[in-house]
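So you can see what is in the structure, the chains are spelled out below.
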Amino acid sequence: MRSVGFAAGLVMALAVCGAAHAAAPDAATWRQLDTENTLYIDTTKGRVVVELYPEVAPQHVARIKQLARDHFYDGLLFHRVVDKMMAQGGDPQGSGEGGSKYPDLPAEFRFRRGGDMPFILANSPGGSLNGFYKNLPISTQPNDIMLITKDAKADAWALHCPGVASMAREDQENTANSQFFLMRSAYPSLDKRYTIWGRVVWGLDAVQALAVGNPPPNPDKMTSVRVAADLPAGERAPLYVMRTDSKAFASLLDDTKKKRGADFSVCDVDIPARVADVKVANKETPWWRKIPLIP
């Protein structure tokens, strides 16, 4: 009788938690997103999931998370959306001239990359080294530089590829505050001039669907912006991205290079995002069921 009671209790516990996890995905191929550094941007065109990089732009990531936790972004418009460039929002005035109550931020256009931030080379146009740190497209000095620098690190900067999240500012460098933009296309002239703090891992189609204009005639808006860790467990996606240091990614990179030929750019690489096969105990279908399962 005691064993039956234990089984019944276990079923009840799973129902309360909302989900029971199957076997974990292959850790050599798939990297689970850190919920503390994952941002859910709900828009009138759908949900956008952004991975944050505090090791690349610590003050900007802290600001984005603070404003999300203040519910500052809820209801704000994408007031400037440029076709084949980017979508900008985060201004409470809706004009591109407003900001938050917090002070402006110092620029974080570059970052110092140590041995704890491994770099995956994609190509080297003109002698520069372009590739990936995690899912973020970056350009960097070679690792050998770390042997002769005082801090044992190399200079690096992120690249404005599709899906990259970057901070808007005024003409002066240290004037970023609350406004940000999501890249719709590659735009290299922005590199080292604006602070990149994240990249879309799911929902780029929603970014591409936002109404275009400066301002758009009928602008889309952010209905809700939340740090994933702040949501109930049942509302967070068991989301993984392909590791850029994996064999699967090496094959993907090779295939992309073959298809693009001489036109290949690091911005051409579409890094897969997938969800784990999680058995949901309740009857409601979670929002992330539309994302393909890890094979």
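Residues numbered from 1 in each chain as written. Predicted model: local features only at pLDDT ≥ 70, side-chain atom pairs only at ≥ 80, totals over all residues. Heavy atoms only, no water.

Remarks on the overall build of the protein chain
Consideration 1: Helix and strand counts for the protein chain come out as four helices and 18 strands.
Consideration 2: Over its C-alpha atoms the protein chain spans a radius of gyration of 21 Å, differing by no more than 12% from the 19 Å that the globule rule assigns to 295 residues.
Consideration 3: Here the C-alpha coordinates of the protein chain stretch approximately 70 × 45 × 40 Å along the principal axes.
Consideration 4: Per-residue burial for the protein chain yields a buried fraction of 46% across its 295 residues. (Helix = DSSP H or I, 4+ residues; strand = E, 2+ residues; numbered from the N terminus. Rg over C-alpha atoms; globule rule 2.2 N^0.38 Å. Buried < 20%, exposed > 50% of the residue type's maximum accessible area, 1.4 Å probe, protein only.)

Side note on the packing of aromatic side chains
Think of a pair of aromatic rings as described by two things: how far the centres are apart, and how the planes are tilted against each other in angle.
Consideration 1: In this structure the tally under the stated criterion is seven aromatic pairs.
Consideration 2: Arranged with centres 5.6 Å apart and planes meeting at 85 degrees, the rings of Phe-180 and Trp-197 form a pair that is edge-to-face. Taken together, the positions of Phe-180 in strand 13 (residues 180-183) and Trp-197 in strand 14 (residues 196-202) put the pair 17 residues apart, joining distant regions of the chain.
Consideration 3: According to the relative accessible area criterion, Phe-180 is buried, its value standing at 1%.
Consideration 4: Note on Phe-181 and Tyr-194: the rings are 5.8 Å apart at their centroids and 80 degrees apart in plane angle, and the pair reads as edge-to-face. Of this pair, Phe-181 sits in strand 13 while Tyr-194 sits in the loop between strand 13 and strand 14, and the two are 13 residues apart along the sequence. Per residue, the accessibility class of Phe-181 equals that of Tyr-194, and both read buried.
Consideration 5: Every member of this aromatic cluster is reached through a ring pair, and the members are Phe-72, Tyr-73, Phe-180 and Trp-197. (Phe/Tyr/Trp six-rings, centres within 6.5 Å; stacked < 30°, edge-to-face > 60°.)

Here we look at the pattern of salt bridges
Close approach of charged atoms lets side chains of opposite charge pair.
Consideration 1: Counted by the stated rule, this structure contains 13 salt bridges.
Consideration 2: The residue Asp-74 makes a salt bridge to Arg-226 at a minimum N-O spacing of 2.8 Å. Of this pair, Asp-74 sits in the loop between helix 2 (58-69) and strand 5 (80-82) while Arg-226 is found in strand 15 (residues 222-227), placing the two residues 152 residues apart along the sequence.
Consideration 3: Taking the relative accessible area as the measure of exposure, Asp-74 reaches 24% and is therefore partly exposed.
Consideration 4: For Asp-245, the salt bridge goes to Arg-243, with nearest N and O atoms at 2.9 Å. (Salt bridge = Lys/Arg side-chain N within 4 Å of Asp/Glu carboxyl O.)

Quick look at the side chain of Thr-175
Consideration 1: With respect to the helices and strands, Thr-175 occurs in the loop between strand 12 (164-167) and strand 13.
Consideration 2: Assessed through its relative accessible area of 14%, Thr-175 is described here as buried.
Consideration 3: From its side chain, Thr-175 meets the backbone nitrogen of Glu-170 in a polar contact 2.9 Å long. (Polar contact = N/O pair within 3.5 Å; in protein donor to acceptor, adjacent residues only side chain to side chain.)

Description of the side chain of Glu-51
Consideration 1: Residue position: Glu-51 is located in strand 4 (residues 46-52).
Consideration 2: The exposure class of Glu-51 is buried, given its relative accessible area of 4%.
Consideration 3: A distance of 2.6 Å separates a polar atom in the side chain of Glu-51 from a polar atom in the side chain of Arg-31.
Consideration 4: A distance of 2.9 Å separates the side chain of Glu-51 from the side chain of Tyr-53, its partner in a polar contact.

Quick word on helix 2
Consideration 1: Counted at 1.5 Å a residue, the expected span for helix 2 with its 12 residues is 16 Å, and the 16 Å between its end C-alpha atoms agrees.
Consideration 2: When we look at burial in helix 2, the residues that qualify are His-60, Val-61, Arg-63, Ile-64, Lys-65, Leu-67 and Ala-68.
Consideration 3: One or two positions beyond helix 2, positive phi appears at His-71, with a value near 60 degrees. (Expected span 1.5 Å × (residues − 1).)

Digging into unusual backbone geometry
Consideration 1: A cis amide bond links Asn-214 with the next residue in sequence, Pro-215, at an omega value of 0 degrees.
Consideration 2: A positive phi angle, near 55 degrees, is found at Ala-152, a position not held by glycine.
Consideration 3: Locating Ala-152 in the fold gives a position in the loop between strand 10 (136-140) and strand 11 (154-158).
Consideration 4: Here the phi dihedral of Lys-192 falls at roughly 65 degrees; this positive angle occurs in a residue that is not glycine.
Consideration 5: Secondary-structure assignment places Lys-192 in the loop between strand 13 and strand 14.
Consideration 6: Lys-192 gets classed as partly exposed once you look at its relative accessible area, which sits at 34%.

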